[in-house]
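Working through the structure, step by step
Okay, here's what each chain looks like letter by letter:
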Amino acid sequence: MDRIEHSGVVKRVGAERVCVEITAHGACGSCKAREACGLGETGQKIVEIRTPAAATYRPGDRVTVAITRGMGAIAVLLAYVVPFVVLIGVVAACYLLGAGDGAAGLAGLGSVVLYYGILWLLRRKIDNAIHFTISE
């Protein structure tokens, strides 16, 4: 499988969870998904990784964090593409039903808030489907 990898440093270790700090690096410049990927921005990110081997890691350990390109694409769709389509669809439907600009805008924003609320409710299921892995 084709993977997207970032090197990082273990910051915290918990019960079957490892928090890794990732610093964006120059390789992101050649990645086609860098604008959509939260890891492609400059600065540092903390990624929480579920692993039964969490006890084997210590703060300060250097590790490589990876996600498959397919999982990354699903994450981009859920986080950016679907809410955009929902927003545009609801605003267009409101205009077709004769609503004014303000009502259409509020309905569009409300639909996006509702969408992200549903994602929050389904976060455990999504967490099982989209996850990072650690390699040495």
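These lines cover the structure that appears in this document, whether it is placed above or below. This is a predicted model, so every value here is computed, not measured.

1. Considering the packing of helix H1 (residues 69-96) against helix H2 (residues 101-121)
At their nearest, the axes of H1 and H2 sit 8 Å apart, and the two run at 145° to each other. When the axes of H1 and H2 are compared, the crossing they make is right-handed. The residues of H2 that touch H1, namely those facing Leu78, Ala79, Val82, Pro83, Val86, Leu87, Val90, Val91, Cys94 and Tyr95, are Asp101, Ala104, Ala107, Gly108, Leu109, Ser111, Val112, Tyr115, Tyr116 and Leu119. Residues belonging to the contact of H1 with H2 are distributed by class as follows: 17 nonpolar, 2 polar and 1 charged.

2. Describing the pairing of strand E2 (residues 17-23)
Sheet analysis places strand E1 (residues 3-14) next to E2, joined by 6 bridges and oriented antiparallel. Its bridge partner being in E2, Arg12 is matched across the sheet by Cys19. Between E1 and E2, which pair antiparallel in sequence order, lie 2 residues; one of them, Glu16, sits at a positive phi of approximately 60°. When E2 meets strand E3 (residues 44-50), the two strands line up antiparallel, connected through 7 bridges. Within the sheet, the bridge partner assigned to Ile22 lies in E3 and is Lys45.

Each value, and the rule that gives it
Residues numbered from 1 in each chain as written. Predicted model: local features only at pLDDT ≥ 70, side-chain atom pairs only at ≥ 80, totals over all residues. Heavy atoms only, no water. Axes fitted to C-alpha atoms, helices over the stretch in contact; angles between N-to-C directions. Helix = DSSP H or I, 4+ residues; strand = E, 2+ residues; numbered from the N terminus. Left-handed = near helix turned anticlockwise from the far one by under 90°. Contact = heavy atoms within 4.5 Å. Nonpolar A, V, L, I, M, F, W, Y, C, P; charged D, E, K, R; others polar. Pairing = 2+ DSSP bridges.

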